[in-house]
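Structural overview for review
As a plain string of letters, each chain reads:
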Amino acid sequence: MEDCLNEKFDGVKAKHSSLEVLQKWRDACCLVKNSKRRFRFTANIQKRNEADAMRRKNKNLRVVVLASKAAYRLINCAEASSHTVHEEFKANGFGISADDACFIVESHNPEKLTRHGGVDGLAAKLKTCTTNGLAMDDKELTCRQQLFGTNEFTEREQRSFWVFVYEALQDMTLMVLAVCAFVSLIVGIATEGWPTGAHDGLGIVASILLVVFVTATSDYRQSLQFKDLDKEKKKISIQVTRNGYRQKLSIYELLPGDIVHLAIGDQVPADGLFLSGFAVSIDESSLTGESEPVKVNTENPYLLSGTKVQDGSCKMLVVTVGMRTQWGKLMATLTEGGNDETPLQVKLNGCATIIGKIGLVFAIVTFAVLVQKLFASKIIDGSQWSWSGDDALMLLEYFAIAVTIVVVAVPEGLPLAVTLSLAFAMKKMMNDKALVRNLAACETMGSATTICSDKTGTLTTNHMTVVKSCICLNVSNDIHESAKKILVQSIFTNTGGEVVVNKEGKNEILGSPTDTAILEFGLSLGGDFQAERESTKVIRVEPFNSTKKQMGVVLELLEGGVRAHCKGASEIVLAACDKVINQNGEVVTLDDELLSYLKSTIDTFAGEALRTLCLAYMDLEDGVSADTPIPSSGYTCIGIVGIKDPVRPGVKESVALCRSAGITVRMVTGDNINTAKAIARECGILTDDGIAIEGPDFREKSMEELFEIIPKIQVMARSSPLDKHTLVKHLRTTFGEVVAVTGDGTNDAPALHEADIGLAMGIAGTEVAKESADVIILDDNFSTIVTVAKWGRSVYVNIQKFVQFQLTVNIVALIVNFTSACLTGTAPLTAVQLLWVNMIMDTLGALALATEPPNDELMKRAPVGRKGNFISNVMWRNIFGQAVYQFGVIWLLQANGKSFFGLDGDDSDLILNTLIFNSFVFCQLFNEVNSREMEKENVLDGIWKNKVFISVIASTVVFQVIIIEYLGTFANTSPLTATQWLFSILSGCLSMPIAVFLKRIPV
């Protein structure tokens, strides 16, 4: 079976599968009872194609808008020097309508923008201030929302419970059974009268309704879980100036007139216009499909919702929100595209198809044998030309049995069990601070063999403070006044952070943890952030880049002159310096002795697990413009700062747990190698036989050298995003590892994309990193990553348990009905009974086994890796062992049941078939318990903690008692004696010691 699955259903990857591959496996699923249910949690290929078509249409967005709309408005613009504003907008003090504002950005029409007075004029017409943002009370906020709309996108409405009932009724086999029930009612009532003749038909109808409502309830609950998770995925915050102060707002709270602050990695939350900023480069590929970045500045100020800030930072005036934006229209289509199906879903769809084909053959043969037996008996009686209503009912019953065999044989619940297990795991992982964006990540993480982790914020707390410094060649805090002035200027101007006044009127530092630590250091020196900013004019900014590992700024000083400041990785910035400020505040040549002193200081700080940064400056000649690159050498070193970022509690234990689980943890960081090694040893990552290497050295290695050292690399320091990507690619392709990678920056996106599982940081991560990731670690904690791995293994193992259980039921039910039909001419399990068995093994079995929570034993096993068989030899051993036992019990009852229990009389066959049915169900119930562990002998460990499992088993027992004792007329059963009940239960119970025996057989 595994070979057959690999041949036709193995092309789908955990992510980035092409639409052709997704369509291919759908075409291979030729036997589907209910396509609406089977393919519910898979990608909607039609909607995906529509979204692609929309992107192709948007390629010309900057040049062409909808022709009729554009032509109409441009004609109006040409004919009139002023535009008309709708009365409702004019009455509320606005100088522009929502549609006109939308057209300005959408059309990229500079003439239209100029006609409104440019960006400042448009801001005035939107009743906002480009400095302080919107100033409004609740009444005005409501008015603005009503006129301009909210920044929300149209989504598919949550389907009601009755839609799921309708979809469950679309099952082809259930519809055929419903027709059989209807015919049975007509013929039965005609021959035997009411109500006796209606019992068989009503029994089938009741069973169908029970199956439908239980299935619909399960599916509806799953959809609600996915709905809750979708809400979590869309919680995106952005920095906004409103009512005079900076604050974090949800992007869904934005309104036209808001002033938004964008930085590298942010997603543009609405259509807007550039106000001010530096080196802004926008990636519009998500909207237009074009990979070439677009430069945004005062000449080209248009910013489109859904695009990403690739470089630079800026302030933006929000102009259009929600469904008026092109992104809003695209999102409405994208949300209907659905999530990609997971490889396990596809494999189990294939498994269901293969078993379904086998079941169909058995059903046809069973029906043919039963009909042949009926014809043979009539020929022997000489009544082959005389057919009564009872004969017609008998044929109908045979047909119903054949159809029900298909119902039982086609394990429609297999692929849906994956979804159920994933939905359950995703909900629980959300409580454990892990938000799953890509469904396949849950199951893939269970196979992970390597985790490439960032250091800062993942292994460490990301709460940074400057604890040591060497300013002006002096490790003490005694800094010369002239040098302090340059230092404070460097700190407050060359930063991605800000010191702002919050609602309470207190200073608040905004920015990355590194920027915050440096700004706090500047404030502790007595510096004034606003005063420093106002005393200089920024000419050019080069934001921090993880490739260059530094950032720079060029300033025009009020007293005259131009100065460049540089800050970044100590050894890199120090290498660009040829001078240094000494203890007297004088600039002197950086000779070998001073250089050696500074390098030893860096090593000392790094050896104490401190992050080190070097600050430097240089005075430039006049005539420097915004287009002049910041110099790469000739700087004067101001000093070195050492930043403490403590290791997170519990990380060392988590790393040890990974090692015991066969998962190798590697640290990939941009920090100094000595800092990285110190932290890695503290975390337990770097061992005596491990290698610590720097990115530049790694790049220079030949393929032969890489092949030798990559398995031993435990720490990579001073790595660039390309180094990280290269390492991940080699681990995946050359060494066959299943790789999980953490990332937080924009430049981490390629590695996150390349990895089997991309893990983005929820606190420190940019929106670009989160978009590229499969899982968002909400608390940025490495221990949470280990929890994700544990849940991943739990999902994988739970689905294996369910498959083992369901295949056992499939095999026994098929063989019992087939052999009985061939040998006795009757089927011991009727249509109603088989429908009940189908519900036990399908919906209820999935609920019980696919929702088992993880245990610590999971992290003591070796990972499955990339090439492990899903249906393992252990599973086949358990399946065939239990199937042989169950078949033996049922065949023993069929052969000797009457004599053993002293059954005679007209109802002896009915009682025997009831006993067979009851024993069969209890064998499944106890086998369900056995399936909790595939190799561990103690299957009762922790069973009482799983309330879902206990509830399913208890409710199944209660319903079984009701079916046997009280619903005999409809279910073709007869009440059993205490001895017969005891035998049924003991038959099931005996499967537990047999399971222990089977688990001791090596495979």
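**A word on the overall build of the chain**
Scanning the chain from N- to C-terminus turns up 39 helices and 25 strands. The buried share among the 1003 residues of the chain stands at 56%. The contacts of the chain with a sequence gap of at least 6 include a subset with a gap of at least 24, amounting to 74%. When the accessible surface of the chain is summed, it comes to about 41,400 Å², and 56% of that surface belongs to carbon and sulfur atoms.

**Observations concerning the pattern of salt bridges**
Throughout the structure, instances matching the rule amount to 25 salt bridges. Here Asp578 ties to Lys579 by a salt bridge, and the two come within 2.9 Å at their closest N and O atoms. With a relative accessible area of 35%, Asp578 lands in the partly exposed category. For the salt bridge of Arg699 with Asp723, the shortest nitrogen-to-oxygen distance reads 2.8 Å. Of this pair, Arg699 sits in helix α27 (residues 695-700) while Asp723 sits in helix α29 (residues 721-733), placing them 24 residues apart in sequence. Classification of Asp723 by relative accessible area gives buried; the value is 1%. Linked through salt bridges whose partners overlap, the residues forming this network are Lys127, Glu140 and Arg144.

**Thoughts on the sheet that holds strand β23 (residues 739-743)**
Strand order in the open sheet formed by 8 strands is β8-β25-β24-β23-β9-β20-β22-β21, with mixed pairing between adjacent strands. A strand with exactly one partner marks an edge of an open sheet, and here the two such strands are β8 (434-436) and β21 (691-694). Each neighbouring strand pair of the sheet contributes to a mean axis angle of 20 degrees, computed without reference to strand direction. Where β23 lies against strand β24 (residues 757-761), 4 bridges are found, and the strand directions are parallel. Looking across to β24, one finds that Thr742 is bridged to Leu759.

**Quick look at helix α26 (residues 673-683)**
Taken together, the buried positions of α26 are Ile673, Thr675, Ala676, Ala678, Ile679, Ala680 and Cys683. Along its buried surface, α26 packs onto α24 (592-607), β18 (610-620), α25 (651-660), β20 (664-668), β21 and β22 (713-717). One side-chain oxygen at the N-terminal end of α26 lies 2.7 Å from the backbone nitrogen of Asn674; it belongs to Asn672. At the C-terminal side of α26, Gly684 shows a positive phi close to 85 degrees.

**Some words on the pairing of strand β16 (residues 577-581)**
Direction of pairing for β16 relative to strand β19 (residues 635-644): parallel, over a ladder of 3 bridges. Within β19, the position partnered with Val580 by the bridge is Cys637. Both β16 and strand β17 (residues 587-589) contribute to a ladder of 3 bridges, which runs antiparallel. Along β17, the bridge assignment pairs Ile581 with Val587. Counting the residues that bridge the hairpin from β16 to β17 gives 5 residues, and of these Gly585 lies at a positive phi of roughly 80 degrees.

**Let's talk about the nonpolar core**
Core analysis: the largest hydrophobic core is formed by 71 residues, its most contacted members being Phe805, Trp836, Phe917, Phe920, Val921 and Phe949. The element that contributes the greatest number of residues to this core is helix α33 (residues 831-849), accounting for 13 residues. Ignoring any residue separated from it by four or fewer positions in sequence, one finds Val921 in contact with Trp836, Val837, Ile840 and Gln960. Counting 65 residues, the second largest nonpolar core, distinct from the first, contains Ala609, Tyr796, Val874 and Met875.

**What about helix α9 (residues 118-125)?**
Where α9 is concerned, the buried positions are Gly118, Val119, Gly121, Leu122 and Ala123. Structurally, α9 contributes buried residues whose contacts are with α7 (98-107), α8 (110-115), β4 (271-283) and β7 (308-320). Remark: Lys127 follows α9 within two positions and exhibits a positive phi of approximately 60 degrees.

**Remarks on the packing of aromatic side chains**
Taken as a whole and judged by the stated rule, the model has 17 aromatic pairs. Residues Trp162 and Phe213 carry aromatic rings whose centres are separated by 6.1 Å and whose planes lie at 85 degrees to one another, so their mutual orientation is edge-to-face. In this pair, Trp162 is assigned in helix α11 (residues 161-168) and Phe213 in helix α13 (residues 199-233), connecting sequence segments 51 residues apart. The exposed category is assigned to Trp162, whose relative accessible area is 57%. Note on Phe213: relative accessible area 35%, which makes it partly exposed. Each ring, one from Phe900 and one from Phe983, has its centre 6.3 Å from the other, and the planes form 50 degrees; the classification is tilted. Here the residue Phe900 occupies a position in helix α34 (residues 873-901), and Phe983 occupies one in helix α38 (residues 978-989), the gap between them amounting to 83 residues.

**Remarks on the side chain of Arg648**
Here Arg648 lies in the loop between β19 and α25. Contact partners of Arg648, with chain neighbours within four places excluded, come to Gly457, Thr458, Leu459, Thr460, Thr461, Asp779, Asp780, Asn781 and Phe782.

**Brief notes about unusual backbone geometry**
A positive phi angle is found at Asn243, which is not glycine, with a value near 55 degrees. According to the relative accessible area criterion, Asn243 is partly exposed, its value standing at 39%. One non-glycine residue, Asp780, lies in positive phi territory at about 55 degrees. Tracing the sequence through the fold places Asp780 in the loop between β25 (775-777) and α32 (782-824).

**Some words on the environment of Glu935**
By the secondary structure assignment, Glu935 is in the loop between α35 (908-930) and α36 (947-966). When residues no more than four places from it in sequence are discounted, the contact partners of Glu935 are Val874 and Lys999.

**Describing the state of the cysteines**
Under the counting rule described, the total for this entry stands at 0 disulfides. For the unlinked cysteine Cys472, the closest cysteine sulfur is that of Cys470, found at 8.7 Å.

**Concerning the packing of α33 against α35**
For the pair α33 and α35, the least separation of the axes is 11 Å and the interaxial angle reads 10 degrees. The angle between the axes of α33 and α35 places the two elements in the roughly parallel class. In contact with Gln833, Trp836, Val837, Ile840, Leu844, Gly845, Ala848 and Leu849 of α33, α35 contributes Phe917, Phe920, Val921 and Glu928. Looking at the contact of α33 with α35, its residues break down into 9 nonpolar, 2 polar and 1 charged.

**So, the packing of α35 against α38**
Two elements in contact, α35 and α38, have axes separated by 7 Å at closest approach and are oriented at 35 degrees. Of the two elements, α35 crosses α38, and the hand of that crossing is right-handed. Of the residues in α38, those touching α35 at Ile911, Leu915, Asn918, Ser919, Phe922, Cys923 and Phe926 are Gln980, Trp981, Phe983, Ser984, Ile985, Ser987, Gly988 and Cys989. When the residues that make up the contact of α35 with α38 are grouped by side-chain class, the tally is 9 nonpolar, 6 polar and no charged.

**Quick look at a nonpolar patch on the surface**
Together, Ile189, Trp194, Leu202, Val958, Phe959, Val961, Ile962, Tyr966, Leu967 and Phe970 make up a nonpolar patch on the protein surface, roughly 920 Å² of accessible area in all. When residues in the nonpolar patch are grouped by element, the largest group, 5 residues, is from α36. Examined against the element boundaries, Phe970 turns out to sit in helix α37 (residues 968-971). Residue Phe970 is classed as partly exposed on the basis of its relative accessible area of 33%.

Criteria and thresholds
- Residues numbered from 1 in each chain as written.
- Predicted model: local features only at pLDDT ≥ 70, side-chain atom pairs only at ≥ 80, totals over all residues.
- Heavy atoms only, no water.
- Helix = DSSP H or I, 4+ residues; strand = E, 2+ residues; numbered from the N terminus.
- Buried < 20%, exposed > 50% of the residue type's maximum accessible area, 1.4 Å probe, protein only.
- Contact = heavy atoms within 4.5 Å.
- Areas by Shrake-Rupley, 256 points an atom, 1.4 Å probe, with all protein chains shown as cover.
- Salt bridge = Lys/Arg side-chain N within 4 Å of Asp/Glu carboxyl O.
- Pairing = 2+ DSSP bridges.
- Axes fitted to C-alpha atoms, helices over the stretch in contact; angles between N-to-C directions.
- Polar contact = N/O pair within 3.5 Å; in protein donor to acceptor, adjacent residues only side chain to side chain.
- Core = buried A, V, L, I, M, F, W, Y, C linked by side-chain atoms within 4.5 Å.
- Phe/Tyr/Trp six-rings, centres within 6.5 Å; stacked < 30°, edge-to-face > 60°.
- Disulfide = S-S within 2.5 Å.
- Parallel < 35°, antiparallel > 145°, perpendicular 65-115°, else oblique.
- Nonpolar A, V, L, I, M, F, W, Y, C, P; charged D, E, K, R; others polar.
- Left-handed = near helix turned anticlockwise from the far one by under 90°.
- Patch = residues over 30% accessible without salt bridge, like charges linked within 9 Å, V, L, I, M, F, W, Y side chains within 5 Å.

By themselves, these are just geometric observations and shouldn't be taken as functional.
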